[in-house]
Amino acid sequence: MPYVVPEYGLGSLYGFEEMEAIAFALQQGSYEGGRILAEFEKEFADFCGAKHAIGTVSGTMALHLTAHILDLTERDEVICTTQTFQATMLPFVARRVTVRFADIEPDTLCIDAATIEPLITAKTKAIYAMHYGGLPCEMDPIIEIARAHNLPVVEDAAHAAGATYKGRRIGAIGDITCFSFGSLKNMTTLGEGGMITTNNDDWAARLRALRGR
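In this text the structure is predicted, and so the values were computed from the model without any measurement.

Criteria and thresholds
Residues numbered from 1 in each chain as written. Predicted model: local features only at pLDDT ≥ 70, side-chain atom pairs only at ≥ 80, totals over all residues. Heavy atoms only, no water. Disulfide = S-S within 2.5 Å. Buried < 20%, exposed > 50% of the residue type's maximum accessible area, 1.4 Å probe, protein only. Axes fitted to C-alpha atoms, helices over the stretch in contact; angles between N-to-C directions. Helix = DSSP H or I, 4+ residues; strand = E, 2+ residues; numbered from the N terminus. Parallel < 35°, antiparallel > 145°, perpendicular 65-115°, else oblique. Left-handed = near helix turned anticlockwise from the far one by under 90°. Contact = heavy atoms within 4.5 Å. Nonpolar A, V, L, I, M, F, W, Y, C, P; charged D, E, K, R; others polar. Pairing = 2+ DSSP bridges. Salt bridge = Lys/Arg side-chain N within 4 Å of Asp/Glu carboxyl O. Right-handed = clockwise from strand over helix to strand, strands pointing away.

**Re the state of the cysteines**
Evaluation of the coordinates by the stated rule reveals zero disulfides. Here Cys110 stays unpaired: no disulfide links it, and the sulfur of Cys137, its closest cysteine neighbor, is 4.0 Å away. Under the relative-accessibility criterion, Cys110 is labelled buried at 1%.

Structure, rendered in structure tokens:
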């Protein structure tokens, strides 16, 4: 018998457990930070196998903060694909960063690692791997190329919370990973929300300072 996933309009369908959690958060006086956020960040970092998790107001903000941490400027280039939501590109537009577009794999619609290296120039600052529809990119060859050229790998994991690649959880394979918890995602935090995971202590400290709490 086929399994039917219930859908409520264009957003998430909340159950009793989620309703209780929302009510509890609202009763804490401030649900923008504090103990609940700290606990969520720790649990999410442990879940992904990452050293740090920094909560954000949205996945889009996570991408903007990551671009800031990487010090991307109009003199820089990044490698990504067009097969993604516009939010992936917004930080590049805001900072006038040149995007060099790699091709995609026809079966997964994820970035094709074989098309990345020819795009690398002296201006390349980062490689963005977008896990399309929650299906992980082929991370091993992407990481190998990045390490050979001393480039950070950013994982756009807006739809990939909980996904795994060769037994490893998405969120701790690349150098920094951006998640979205919007209402259309496979994991949501009451309409909006995001997370950045990384093993880089300096980046984590800077991200928390930028967030202001």
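Once the structure has been displayed, the description carries forward.
**Brief notes about the packing of helix α3 (residues 59-69) against helix α6 (residues 201-211)**
Look at α3 against α6: their axes get within 10 Å of each other, and the N-to-C directions meet at 125°. Taken as axis vectors, α3 and α6 run oblique relative to one another. Of the two possible hands of crossing, α3 and α6 adopt the one that is right-handed. Across from Leu65, His68 and Ile69 in α3, the residues of α6 making contact are Trp203, Arg206, Leu207 and Leu210. Residues belonging to the contact of α3 with α6 are distributed by class as follows: five nonpolar, one polar and one charged.

**Some remarks on the pairing of strand β9 (residues 194-198)**
β9 sits mainly inside the fold: five of its five residues count as buried. Bridge count for strand β8 (residues 176-180) against β9 is five bridges, and the pairing is antiparallel. Across the sheet, Ile176 pairs through a bridge with Thr198, a residue of β9.

**Re the pattern of salt bridges**
Once their charged atoms are close, side chains differing in charge can pair, the charge on each being opposite to the other. One pass over the structure, following the stated rule, counts eight salt bridges. Between Asp46 and Lys42 there is a salt bridge, with the nearest N and O atoms lying 3.0 Å from each other. Separated by four residues within a single helix, Asp46 and Lys42 lie in helix α2 (residues 34-48), roughly one turn from each other. As far as burial versus exposure is concerned, Asp46 and Lys42 are alike and both exposed. Between Asp140 and Lys166 there is a salt bridge whose closest N-O contact spans 3.0 Å. Of the two residues, Asp140 sits in helix α5 (residues 139-148) while Lys166 sits in the loop between β6 (164-165) and β7 (168-169), which places them 26 residues apart along the sequence. Here the salt bridges share partners, and the residues they tie into one network are Asp140, Lys166 and Arg168.

**A short note on the sheet that holds strand β3 (residues 98-101)**
Here seven strands make up an open sheet; going across it, the order is β1-β9-β8-β5-β4-β2-β3 and the pairing mixed. Looking at strand neighbours, the two that pair on one side only are β1 (52-56) and β3, the edges of this open sheet. This sheet shows a mean twist of 20° between the axes of neighbouring strands, independent of strand direction. Of the strand pairs in this sheet, strand β4 (residues 124-130) and strand β5 (residues 153-156) are connected by four bridges, and their pairing is parallel. Within β5, the residue paired with Met130 across the bridge is Asp156. Sitting on the sheet, α3 is in contact with β1, β4, β5, β8 and β9, with an inclination near 160° to β8.

**Digging into the pairing of β5**
The alternating pattern of β5 places Val153 and Glu155 and Val154 and Asp156 on opposite faces, both of which are buried. Viewed along the sheet, the connection from β4 through α5 into β5 turns out right-handed. When β5 meets β8, the two strands line up parallel, connected through three bridges. Across the sheet, Asp156 pairs through a bridge with Cys178, a residue of β8.

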